[in-house]
Amino acid sequence: MPLAAANSRALPLMEAFRTVQGEGAHTGRPSFFMRIGGCDVGCHWCDVKESWDASKHPVTPLDELLSLPSAIDRTVVITGGEPLMWDMGPLTEGLRARGLKVHLETSGAYPVTGTWDWICLSPKKTKAPLPEWYALANELKVIVYNDHDLAWAEEHAACCAPGVERFLQLEWSRRAIQLPKIIAYLEQHPEWRLGLQSHKYIGMP
Ligand code: SF4
């Protein structure tokens, strides 16, 4: 189906796979991931640049998307790309109707759609989150590439609800450089936790 046919009931699907959540508050939980194509946020360190061009991913009908998780799946993580470039309403409602928990990974750069059981907001410097996301976020995940990102993380945390779970996540290519600095920061700021891409350490997608 050509990309022009994409809408809330037919989305560009880059990949879908079962793995263990490697990041954030739900680290270690077996999860089914759906990676939706399309992103114009433009992070230079992005590790899924092949997701950016939505036209490279097959537009997949809603019924097919909803059939992908199996009976053993409990949690579906919708990620990208930036999935909120698309209306997530029918997909999230259909998955929840199947009894699945539906989690989101988003930059917050696009308006809220969908019904979510867990929202991980990961703001990016290249395209700021819309203000509506801060109150909805259950988890704030800031990727730390350089020293300034620590102060920048605090700016976003100040906008979130008090109970938001906070993670300073090592950017993979800079992990050796930034890890000692982040740990030193965590010692002074215990409201934050170290975020790892633990799936990469165990060789999972
Ligand atoms: S928002 Fe995510 S998918 Fe988009 S460029 Fe940034 S890291 Fe990559």
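Structure: see above.
Residues numbered from 1 in each chain as written. Predicted model: local features only at pLDDT ≥ 70, side-chain atom pairs only at ≥ 80, totals over all residues.

Enquirer: Describe the overall build of the protein chain, listing the residues and the values that go with them.
Expert: Secondary structure summary: the protein chain contains six helices and nine strands in total. Its C-alpha atoms give the protein chain a radius of gyration of 17 Å, near enough to 17 Å, the size a compact globule of 205 residues would have. Considering only C-alpha atoms, the protein chain reaches an extent of 50 × 35 × 30 Å along its principal axes. Expressed as a percentage of its 205 residues, the buried residues of the protein chain come to 38%. Here the contacts in the protein chain between residues at least 6 apart in sequence split such that 64% fall between residues at least 24 apart. (Helix = DSSP H or I, 4+ residues; strand = E, 2+ residues; numbered from the N terminus. Rg over C-alpha atoms; globule rule 2.2 N^0.38 Å. Buried ≥ 20, exposed ≤ 12 C-beta atoms within 10 Å, placed from the backbone. Contact = placed C-beta atoms within 7 Å.)

Enquirer: A description of the sheet that holds strand β7 (residues 139–144) should follow, citing residues and the corresponding values.
Expert: Strand order in this open sheet of nine strands is β3-β1-β2-β4-β5-β6-β7-β8-β9, and the pairing throughout is mixed. Every other strand in the sheet has two partners, leaving β3 (59–61) and β9 (192–195) as the edge strands with one partner each. Taking the axes of each pair of neighbouring strands and ignoring which way they run, one obtains an average angle of 30° across the sheet. Here seven bridges tie strand β1 (residues 10–20) to strand β2 (residues 30–36), and the two strands are oriented antiparallel to one another. Across the sheet, residue Val20 finds its bridge partner in β2, namely Pro30. Sheet contacts for helix α5 (residues 175–188): β7, β8 (165–170) and β9; angle to β8, the most-contacted strand, approximately 150°. (Pairing = 2+ DSSP bridges. Axes fitted to C-alpha atoms, helices over the stretch in contact; angles between N-to-C directions.)

Enquirer: Describe the site of the ligand, with residues and values.
Expert: Lining the immediate surroundings of the ligand are Cys39, Val41, Gly42, Cys43, Cys46, Val48, Ser51, Gly80, Gly81, Glu82, Ser107 and Lys124. Class assignment of the residues belonging to the shell around the ligand gives a composition of five nonpolar, five polar and two charged. (Near = placed C-beta within 6 Å. Nonpolar A, V, L, I, M, F, W, Y, C, P; charged D, E, K, R; others polar.)

Enquirer: An account of the nonpolar core is needed here, citing residue identities and associated values.
Expert: Residues Leu11, Val76, Ile78, Ala137, Leu140 and Leu168 are the most contacted members of the largest nonpolar core, which totals 38 residues. For this core, the secondary structure elements donating two or more residues are β1, β2, β4 (75–79), α2 (89–97), β5 (101–106), β6 (118–121), β7 and β8. Setting aside anything within four residues of it in sequence, one finds Leu168 in contact with Val142, Val144, Ala153, Ile182, Trp192, Leu194 and Gly195. (Core = buried A, V, L, I, M, F, W, Y, C linked by C-beta atoms within 7 Å.)

Enquirer: Requested: an account of unusual backbone geometry, with residues and values cited.
Expert: Following Gly80, the chain continues to Gly81 via a peptide bond in cis, the omega torsion being 10°. Note on placement: Gly81 falls in the loop between β4 and α2.

Enquirer: Explain helix α4 (residues 148–157) residue by residue, including any values.
Expert: Buried residues of α4: Asp149, Ala153 and His156, and no others. Buried residues in α4, looked at end-on, bunch into an arc of 60°, giving them a common side. Opposite its buried face, α4 presents the exposed residues His148, Ala151 and Glu155, each directed more than 90 degrees away. (Arc of directions from axis to C-beta.)

Enquirer: Could you give an account of the pairing of β6, with specific residues and numbers?
Expert: In terms of strand pairing, β5 meets β6 through four bridges, oriented parallel. The residue bridging Glu105 from the neighbouring strand is Cys120, located in β6. Where β6 and β7 come together, two bridges link them in parallel fashion. Bridging across to β7, Leu121 finds its partner in Leu140.

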